[in-house]
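Residue strings, one per chain:
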Amino acid sequence: SFQKLVKTGENNWSLPELVHAVVLLAHYHALASFVFGSGINPERDPDTSNGVRLIAVNNFCVCDLANDNNIENASLTSSNFGIADSLSELEALMERMKRLQEDKEDEEASQEEMDTRFEKEKKESLLVISGAFDDEIVSTDVSRYVEDPGFGYKDFARRGEDHLPTFRAQDYTWENHGFSLVNRLYSDIGHLLDEKFRMVYNLTYNTMATHEDVDTTTLRRALFNYVHCMYGIRYDDYDYGEVNQLLERSLKVYIKTVTCYPERTTKRMYDSYWRQFKHSEKVHVNLLLMEARMQAELLYALRAITRHLT
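Keep in mind that what you see is a predicted model, and the values were worked out from it rather than measured.

### Observations regarding the side chain of Arg234
Along the polypeptide, Arg234 turns up in strand S6 (residues 233–234). Its relative accessible area of 6% is what places Arg234 among the buried residues. Here Arg234 is in contact with Gln111, Met114, Asp115, Phe118, Thr166, Phe167, Arg168, Ala169, Gln170 and Tyr240, once residues within four sequence places are set aside.

Structure representation (structure tokens):
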């Protein structure tokens with residue numbers, strides 16, 4: 001498909017134009033994840049001074065996000081989710097983070113075991129059902145753009161296949177390959193993208209709900225790498241057993257929905273995970289998912305362009 005665009009002809013694209021288009025598309029696709037994940041849906045409104053108004057999506061309340069109300073104070077809990085249960089889930093998550101760090105210091109898993117854990121997580125990610133709460137999904141004007149069978153996310157392998165394709169990150173990394181190619185063909189955008197990726201990946205308040213001075217590196221890495229895992233991207237030096245330890249099922253459903261089918265995201269999904277965390281912490285999750293989603297798309301596209309050049 002790239003070759004058709006850049007082949008010699010009257011209407012052919014230059015490589016810089018192609019890279020520019022790829023960056024714009026990746027940004028737009030990833031931004032949709034953040035917009036729907038945060039419950040923000042701008043619509044045209046001639047009655048307002050700037051012509052745009054923010055409306056609630058699937059009962060999201062933008063004011064709650066802006067005021068950083070936590071789940072308890074914003075009346076986001078239901079009778080099924082007691083505060084005590086939420087607190088115990090938080091303590092359990094922090095205990096697992098601590099145990100993982102201790103286990104890593106004591107003994108590292110073999111490469112064979114690391115391979116097995118990645119393949120297991122990759123296959124299981126195909127079985128994670130997105131849009132689990134379809135009864136809440138509101139029909140919106142966006143449907144015209146996502147119901148075309150020729151467009152949209154598709155699992156990188158069909159279920160039941162014995163061999164699932166893997167993109168080995170070490171063979172084509174953003175730092176060593178994608179960054180230099182983008183910068184060469186689209187001046188300085190590589191620096192801007194790299195700064196954005198690093199800033200969001202390293203962003204932390206060092207808090208988890210009411211707990212302070214917490215090292216959240218392990219959790220942030222699991223979130224970022226799980227998105228890449230869903231797209232078949234593997235880091236050889238990462239133990240994917242950490243993903244299952246740290247990311248609960250409801251969070252995995254939310255991640256797959258936000259990154260792959262953002263228009264299906266509902267408030268109930270947003271509420272279903274990390275119920276004691278502040279909204280600002282959940283918005284940070286959305287930022288991580290957005291950047292991981294964008295980098296995954298860029299890696300595949302830039303690798304294809306690199307192959308075309310060679």
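### Examining the packing of aromatic side chains
Taken as a whole and assessed by the stated rule, the structure comprises ten aromatic pairs. Between Tyr201 and Phe224, the aromatic rings sit 5.3 Å apart at their centres with planes inclined by 85°, giving edge-to-face as the arrangement. Of this pair, Tyr201 sits in helix H8 (residues 189–202) while Phe224 sits in helix H9 (residues 217–230), and the two are 23 residues apart along the sequence. An aromatic cluster is built from Tyr254, Tyr270, Tyr273, Trp274 and Phe277, whose rings are joined through pairwise contacts. Looking at Arg264, its charged tip hangs above the ring of Tyr261, at a distance of 4.1 Å from the centre.

### Topic: empty space enclosed by the protein
To find leftover empty space, a probe the size of one water molecule is rolled over the atoms. Throughout the structure, instances matching the rule amount to two cavities of 30 Å³ or more. What the largest cavity holds in volume is close to 150 Å³. Thr207, Thr216, Arg220, Glu281 and His284 are, among the 14 residues lining the largest cavity, the residues nearest its centre. Every element with two or more residues in the lining of the largest cavity is listed here: strand S4 (207–208), H9 and helix H13 (279–309). In terms of residues, the lining of the largest cavity owes the most to one element, H13, which gives four residues. Looking at the lining of the largest cavity, its residues break down into eight nonpolar, four polar and two charged.

### Some details on the pattern of salt bridges
Enumeration over the complete set of coordinates arrives at twelve salt bridges. As a salt-bridge pair, Glu291 and Lys196 come within 2.8 Å of each other at their nearest N and O atoms. Taken as a pair, Glu291 in helix H13 and Lys196 in helix H8 lie far apart in primary sequence, 95 residues in all. The exposure class of Glu291 is buried, given its relative accessible area of 2%. A network of salt bridges, in which partner residues are shared, links Arg168, Asp171, Arg234 and Asp236.

### Brief notes about the nonpolar core
Formed by 71 residues in total, the largest nonpolar core has its most connected members in Trp174, Leu193, Met208, Leu247, Ile255, Trp274 and Leu298. For this core, the element with the highest residue contribution is H13, accounting for twelve residues.

### Here's the deal with the confidence of the model for the chain
Do not read the fine detail of predicted coordinates wherever pLDDT is low. Confidence in the prediction for the chain averages 80 pLDDT; 72% of positions are at 70 or higher. Looking over the chain, one finds the lowest element-wise mean pLDDT in strand S2 (residues 52–56), namely 44, and the highest in H8, namely 96. A low-confidence stretch, residues 69–81 stays under pLDDT 50, and its non-local contacts, those more than four residues away or across chains, total 22 contacts. In this model residues 132–139 is a low-confidence stretch, pLDDT under 50, and it forms 13 contacts with partners more than four residues away in sequence or in other chains.

### Description of helix H7 (residues 174–185)
All of the buried residues in H7 are Trp174, Gly178, Phe179, Leu181, Val182, Asn183 and Leu185. On its buried side, H7 packs onto helix H2 (15–37), H8 and H13. Structurally, the start of H7 carries an N-cap: the backbone nitrogen of Asn176 is 2.9 Å from a side-chain oxygen of Thr173.

Rules used in this analysis
Residues numbered from 1 in each chain as written. Predicted model: local features only at pLDDT ≥ 70, side-chain atom pairs only at ≥ 80, totals over all residues. Heavy atoms only, no water. Helix = DSSP H or I, 4+ residues; strand = E, 2+ residues; numbered from the N terminus. Buried < 20%, exposed > 50% of the residue type's maximum accessible area, 1.4 Å probe, protein only. Contact = heavy atoms within 4.5 Å. Phe/Tyr/Trp six-rings, centres within 6.5 Å; stacked < 30°, edge-to-face > 60°. Lys NZ or Arg CZ within 6 Å of the ring centre and 35° of its normal. 1 Å grid on protein atoms, 1.4 Å probe; cavity = no way out; pocket = protein on both sides within 12 Å on 5 of 7 lines; lining within 4 Å. Points joined across faces, edges and corners; volume = space filled by probe spheres on them. Nonpolar A, V, L, I, M, F, W, Y, C, P; charged D, E, K, R; others polar. Salt bridge = Lys/Arg side-chain N within 4 Å of Asp/Glu carboxyl O. Core = buried A, V, L, I, M, F, W, Y, C linked by side-chain atoms within 4.5 Å. pLDDT = per-residue confidence, 0-100. Polar contact = N/O pair within 3.5 Å; in protein donor to acceptor, adjacent residues only side chain to side chain.

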